[in-house]
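# Inside the fold
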Amino acid sequence: MRSLILGGEGMLGRALVEEARRRGFAALALSRSVADITDPDCLSHWVESWRPALVVNCAAYTQVDACEEKRDHAFAVNGAAVAHVAAAARRVDARLLQVSTDYVFDGTASEPYTEEAATAPISVYGESKLAGEALALAYEGALVVRASWLFGPGGPNFAATILRLIDRGDAQLRVVDDQVGSPTYTPFLAAALLDLAAVGATGLVHYRNREPVSWHGFASEIARRVAPQLEVAPVATSEFPRPAPRPAFSVLDVGRCERLLGRPVARWRDGLDDYLTRLDRSTDG
Ligand SMILES: NC(=O)c1ccc[n+]([C@@H]2O[C@H](COP(=O)([O-])OP(=O)(O)OC[C@H]3O[C@@H](n4cnc5c(N)ncnc54)[C@H](OP(=O)(O)O)[C@@H]3O)[C@@H](O)[C@H]2O)c1
């Protein structure tokens, strides 16, 4: 499927280009410097010259804490610009795939959030991404995939941060244990996105890897593989105050995705194996 990938130099964008090309698709990945999604003329130029069958929007302002101060910018990129992306897709009758986030939920649930669950973002980032979802869904046949806790090659992410702290040689890591979600490996998400597009999925679909875990549990698993002697201590979110609140529980229900794809979602532990292998880090699996 001939694809145009916006935000093509971000962490997910890179994984998507890799997966699309692995499948033999013609995939054009555009970074912000050549295709700013807040610029409708620029988007028109690219869709008309590349004429994709699928437009995937991986571009976003993803600095969750900075969004609190830069509210207008967050809404311009994560919200309003999605209408420009949809309009550009419409010009060439391309399908639209918009990537969204678990942070559209407030985190007060105790069961995984289905696609029908009420949204109630508690951060500007979550609010702005929710605005973007609505604009994408206004485009007929659009697919919006909410994902959570991304990690993978080529981008700052939690796993990379933990590896950096391990390399710094601290005797102990302190990691929050009262936020539960699901790490999601970008190459697995990229494959799922292309498969969902291939089966013609539309509307909202949730994707994450299994099984849910706290940040502390995720960090402990990384440490177990690369620095088993390191102590990873559980701490409360209140000990690490940050500008943007995070949902305490943001596990997405993936039943719809699994029915559409006819297979269970992948395990993040398998993604972690691949990630560490790609980084050439030792792992005992
Ligand atoms: N990271 C997560 O944990 C997570 C979780 C759930 C959902 N998501 C969603 O997944 C998608 C991909 O996230 P990611 O982790 O790959 O983020 P990322 O690495 O920050 O990539 C986002 C890319 O968008 C680009 N961008 C920013 N503003 C732009 C603009 N105005 N026009 C064009 N490009 C622009 C950025 O370029 P610059 O670097 O040059 O600014 C960056 O390359 C996003 O929709 C995000 O909301 C992420």
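Nothing here was measured: the structure is a model prediction, and the numbers come from that model.

In this structure, Ala-15 sits in helix H1 (residues 11-22). Separated by 139 residues in the primary sequence, Ala-15 and Gly-154 place their C-alpha atoms 8.5 Å from one another. Ignoring sequence-local partners within four residues, the contact set of Ala-15 consists of Thr-186, Pro-187 and Ala-190.

The subject of this paragraph is unusual backbone geometry. Arg-210 connects to Glu-211 through a cis peptide bond whose omega is 0°. By the secondary structure assignment, Glu-211 is in the loop between strand E10 (203-206) and strand E11 (213-214). At Trp-149, a position not held by glycine, the phi torsion is positive, near 45°. Relative to the assigned elements, Trp-149 resides in the loop between strand E5 (143-147) and strand E6 (150-151). One non-glycine residue, Asp-280, lies in positive phi territory at about 65°. Since its relative accessible area comes to 70%, Asp-280 is described here as exposed.

A word on the packing of helix H6 (residues 158-168) against helix H8 (residues 215-226). It is the contact of H6 with H8, at a shortest axis distance of 10 Å, that shows an interaxial angle of 50°. Considering the angle they form, H6 stands oblique to H8. Considering the relative orientation of H6 and H8, their crossing is right-handed. Within the contact between the two elements, H6 uses Phe-158, Ala-159, Ile-162, Leu-163 and Ile-166 and H8 uses Trp-215, Phe-218, Ala-219, Ile-222, Ala-223 and Val-226. Residue composition of the contact of H6 with H8, grouped by class: 11 nonpolar, no polar and no charged.

On to helix H4 (residues 71-91), then. Note on helix geometry: an α-helix contains 3.6 residues per turn, so any two residues three or four positions apart are oriented the same way. Over its 21 residues, H4 extends 30 Å from the first C-alpha to the last, a length consistent with the 30 Å expected when each residue adds 1.5 Å. Considering bend angle alone, the principal kink of H4 is centred on Ala-81 and spans about 45°. Along H4, the residues that are buried comprise Ala-74, Val-77, Asn-78, Gly-79, Ala-81, Val-82, Val-85, Ala-86, Ala-88 and Ala-89. Turning to H4, the residues buried within the fold contact strand E1 (3-6), helix H2 (40-50), strand E3 (54-57), helix H3 (64-69), strand E4 (95-101) and helix H5 (124-137). Once H4 finishes, Asp-93 follows within two positions and takes phi at roughly 60°, a positive value.

Now for the packing of aromatic side chains. This model, assessed by the stated rule, comprises 12 aromatic pairs. Ring centres 3.5 Å apart and planes at 10° place the aromatic pair Trp-149 and Trp-215 in the stacked group. With Trp-149 in the loop between E5 and E6 and Trp-215 in helix H8, the pair connects residues that are 66 residues apart, well separated along the chain. Residue Trp-215 is classed as buried on the basis of its relative accessible area of 12%. In this structure, Arg-2 is placed above the aromatic ring of Trp-50, and the distance from its NZ or CZ to the ring centre is 3.8 Å.

A few words on the pattern of salt bridges. All chains considered together, the criterion is met by 19 salt bridges. Note that Glu-221 and Arg-225 form a salt bridge whose closest N and O atoms lie 3.0 Å from each other. Here the residue Glu-221 and the residue Arg-225 both occupy positions in helix H8, the gap between them amounting to four residues, near one helical turn. The exposure classification of Glu-221 matches that of Arg-225, with both residues buried. If you follow the salt bridges from partner to partner, you end up with Glu-19, Arg-22, Arg-23, Asp-195 and Arg-263 in one network.

Turning our eyes to something else, we now look at the sheet that holds E4. With parallel pairing, six strands are arranged side by side in an open sheet as E2-E1-E3-E4-E5-E10. Strands with a single pairing partner mark the edges of an open sheet, and in this sheet they are strand E2 (27-30) and E10. Averaged over all pairs of adjacent strands, the angle between their axes in this sheet comes to 20°, without regard to strand direction. Across four bridges, E1 lies against E2 in parallel orientation. Pairing of Leu-6 across the sheet is with Leu-30, part of E2. Relative to the sheet, helix H7 (residues 186-198) contacts E3, E4, E5 and E10, its axis offset from that of E5 by approximately 155°.

Rules and cut-offs
Residue positions are given per chain, counted from 1 along the sequence in the order it is written. For a predicted model such as this one, the threshold for reporting local features is a pLDDT of at least 70, and the threshold for listing and counting side-chain atom pairs is 80 or more; totals across whole chains, interfaces and linings nevertheless cover every residue. Only hydrogens and water are set aside when side-chain values are computed; all heavy atoms of the structure are taken into account. Each helix is a run of DSSP H or I of at least 4 residues and each strand a run of E of at least 2, with the numbering of both proceeding from the N terminus. Contacts: residue pairs with any heavy atoms within 4.5 Å of one another. Think of it in three bands: with a 1.4 Å probe and only protein chains considered, a residue is buried below 20% of the maximum accessible area for its type, exposed above 50%, and partly exposed in between. Angles shown run from 0 to 180 degrees and are taken between the N-to-C directions of axes, each axis being a line fitted to C-alpha atoms and, for helices, limited to the stretch in contact. These descriptions rest on fixed angle ranges, namely under 35 degrees for roughly parallel, over 145 for roughly antiparallel, 65 to 115 for roughly perpendicular, and the rest for oblique. For any pair of crossing helices, the crossing counts as left-handed if the nearer helix is rotated counterclockwise from the farther one by less than a right angle, and right-handed if it is rotated clockwise. Residue classes follow a fixed rule: Ala, Val, Leu, Ile, Met, Phe, Trp, Tyr, Cys and Pro count as nonpolar, while Asp, Glu, Lys and Arg count as charged, and any other residue, Gly among them, counts as polar. Multiplying 1.5 Å by the helix residue count minus one yields the expected span of that helix. At every residue, the bend is computed as the angle between two fitted axes, covering the seven residues ending there and the seven beginning there respectively. For this analysis, a ring pair means two rings from Phe, Tyr or Trp (six-membered ring only for Trp) whose centres lie within 6.5 Å, classed as stacked if their planes differ by under 30 degrees, edge-to-face if by over 60, and tilted for the remaining angles. Whether a charge sits over a ring comes down to the Lys NZ or Arg CZ being within 6 Å of the ring centre and within 35 degrees of the ring normal. Salt-bridge detection follows one rule: a side-chain nitrogen of Lys or Arg within 4 Å of a carboxyl oxygen of Asp or Glu. When DSSP locates at least two bridges between a pair of strands, those strands are taken to pair.

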